[in-house]
Amino acid sequence: MRDNSVMLPWPEDDFSAYGPVDERPMANIQHYVGRVMQRNWSTIPHVTHNDDADVTEFERRRRAWNSDYPANKRTLLPVLMKATVAALQEYPQFNCSLIADGSRVIQKKYFHIGFAVDVPAGLLVPVIRDCDRKSIDEIAAEIATLSEKARTKGLAMAEMSGGCFSLSSLGHIGGTSFTPIINAPEVAILGITRTRAQFLPGDNGQPELRHLLPLSLSYDHRLINGADAARFVRYVADWLASYSFS
């Protein structure tokens, strides 16, 4: 009887037989991150929920703030971190970790949020601690400091440890949705792509131009169900819609 559970070996080939090639070793960081991603994707049953947040009024208020306070401009990511903390407080099952065999759940009482930083040698995820106790401006300053350090000097493991939840934003590049890989031992990660303009029916039935922010939530289906994932993303969207920039 055939054992179909045995994984086939990686295909070997002499690529130089087809044309010119250049071979180089993979960067250490990229190699490590690749192994981590392979482990996370292989061991966590990923499901991704996609939804749009209507950020028309949010963006109007943000632009007005930036016009009034040009020395203290606001960007989306720090506000999203605060929205995420509010959602974690409302849905605490997202602020958990499973032990390796999945038999026990650790409920976290703190709110440390990671964010993915694209660096030349791969991808790093610095963590901002105690986001529930920090202002938007304090979070923004830490994002800028850690991002610069990640791209230049590199980060210590302590600066990438202890996260409860991660954000991965591709909005500055593009895209409509994607499936971010969960950063174990976290149980969810939120992906953000570029805001798009779209005409939608208004209250009077006439088309109105709205600005929609695509959100992609990958979650560990061992702990989180689809309905709660949908509620979590809706909560983030509604929080952004009501944020006042005061």
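Residues numbered from 1 in each chain as written. Predicted model: local features only at pLDDT ≥ 70, side-chain atom pairs only at ≥ 80, totals over all residues. Heavy atoms only, no water.

In the nomenclature of an unreviewed UniProt entry, the chain corresponds to Dihydrolipoamide acetyltransferase from the organism Spongiibacter thalassae. The chain has a UniProt comment under Cofactor (unreviewed entry) that states "(R)-lipoate". (UniProt positions renumbered as here; feature names shortened; annotations may be inferred.)

Looking only at helices and strands, the chain has five helices and 11 strands in total. Scored against the burial criterion, the 246 residues of the chain give a buried share of 38%. In the structure as shown, the chain presents an accessible area of about 14,600 Å², 54% of it carried by carbon and sulfur atoms. Charged side chains in the chain number 26 positive and 28 negative. The centres of these two groups are separated by 4 Å. (Helix = DSSP H or I, 4+ residues; strand = E, 2+ residues; numbered from the N terminus. Buried < 20%, exposed > 50% of the residue type's maximum accessible area, 1.4 Å probe, protein only. Areas by Shrake-Rupley, 256 points an atom, 1.4 Å probe, with all protein chains shown as cover. Lys, Arg positive; Asp, Glu negative; His and termini not counted. Charge placed at Lys NZ, Arg CZ, Asp CG, Glu CD.)

What follows is about helix α2 (residues 56–68). Taking 1.5 Å per residue, 13 residues should reach 18 Å; α2 reaches 19 Å between its end C-alpha atoms and fits that length. Those residues of α2 that fall on the buried side of the exposure criterion are Thr-56, Phe-58, Glu-59, Arg-61, Arg-62, Trp-65 and Asn-66. Check the buried side of α2 and you find it contacts β1 (46–54), α3 (76–90), β11 (207–220) and α5 (226–242). (Expected span 1.5 Å × (residues − 1). Contact = heavy atoms within 4.5 Å.)

What follows deals with the UniProt feature "domain: 2-oxoacid dehydrogenase acyltransferase catalytic" (unreviewed entry) in the chain. Here the UniProt feature "domain: 2-oxoacid dehydrogenase acyltransferase catalytic" (unreviewed entry) sits at residues 22–241. Helix makes up 35% of residues 22–241 and strand 25%, whereas the separation of the span's terminal C-alpha atoms amounts to 50 Å.

Let us now look at the nonpolar core. Within the largest apolar cluster, 47 residues are counted, with the highest numbers of intra-cluster contacts made by Met-81, Phe-165, Leu-217, Phe-232 and Leu-240. Considering every element that reaches this core, the biggest residue donor is α3, with eight residues. Sequence-distant contacts of Phe-165, that is, excluding residues within four places in its chain, are made with Thr-84, Leu-88, Phe-94, His-112, Ile-113, Gly-114, Glu-186, Ala-188, Ile-189, Leu-190, Leu-217 and Phe-232. (Core = buried A, V, L, I, M, F, W, Y, C linked by side-chain atoms within 4.5 Å.)

Let's shift gears to the packing of α3 against helix α4 (residues 136–151). Direction vectors running N to C along α3 and α4 enclose 120°, while the axes themselves pass 9 Å from each other. Regarding the angle of α3 to α4, the classification is oblique. Note that α3 runs across α4; the crossing there is right-handed. Of α4, the residues touching α3 (which contributes Leu-77, Pro-78, Val-79, Met-81 and Lys-82) are Ile-136, Ile-139, Ala-140 and Ile-143. Taken together, the residues of the contact of α3 with α4 sort by class into eight nonpolar, no polar and one charged. (Axes fitted to C-alpha atoms, helices over the stretch in contact; angles between N-to-C directions. Parallel < 35°, antiparallel > 145°, perpendicular 65-115°, else oblique. Left-handed = near helix turned anticlockwise from the far one by under 90°. Nonpolar A, V, L, I, M, F, W, Y, C, P; charged D, E, K, R; others polar.)

We now examine the packing of aromatic side chains. A full pass over the atoms with the stated rule returns eight aromatic pairs. Each ring, one from Tyr-91 and one from Tyr-235, has its centre 6.1 Å from the other, and the planes form 90°; the classification is edge-to-face. Of the two residues, Tyr-91 sits in the loop between α3 and β2 (96–98) while Tyr-235 sits in helix α5, which places them 144 residues apart along the sequence. Owing to a relative accessible area of 16%, Tyr-91 belongs among the buried residues under this scheme. The rings of Tyr-91, Phe-94, Phe-165, Phe-232 and Tyr-235 are connected pair by pair, giving a single aromatic cluster. (Phe/Tyr/Trp six-rings, centres within 6.5 Å; stacked < 30°, edge-to-face > 60°.)

Quick look at unusual backbone geometry now. A cis amide bond, omega 10°, links Ala-184 with the succeeding residue Pro-185. Locating Pro-185 in the fold gives a position in the loop between β8 (165–169) and β9 (188–192).

In this fold, Thr-43 is placed in helix α1 (residues 28–43). Within polar-contact distance, the side chain of Thr-43 engages the backbone oxygen of Arg-39 at 2.7 Å. (Polar contact = N/O pair within 3.5 Å; in protein donor to acceptor, adjacent residues only side chain to side chain.)

So, on to the packing of α3 against α5. Between α3 and α5, the shortest axis-to-axis distance is 9 Å and the interhelical angle comes to 130°. Judged by the inter-axis angle, α3 sits oblique to α5. In the crossing of α3 with α5, the sense of the turn from one axis to the other is right-handed. Across from Val-79, Leu-80, Lys-82, Ala-83, Thr-84, Ala-86, Ala-87, Leu-88 and Glu-90 in α3, the residues of α5 making contact are Phe-232, Tyr-235, Val-236, Trp-239 and Leu-240.

Glancing now at the pairing of β9. Of all five residues that make up β9, five are buried, and the element is covered over most of its length. Judged by which residues are buried, β9 turns out to be covered on both faces: Ala-188, Leu-190 and Ile-192 on one side and Ile-189 and Gly-191 on the other are all buried. Examined bridge by bridge, β9 and β11 share five bridges and lie antiparallel to one another. By the bridge assignment, Leu-190 is partnered in β11 with Leu-217. (Pairing = 2+ DSSP bridges.)

All right, on to the side chain of Asn-40 then. By secondary structure assignment, the location of Asn-40 is in helix α1. If sequence neighbours within four positions are ignored, Asn-40 has contacts with His-46, Ile-181, Ile-182, Asn-183 and Ala-184.

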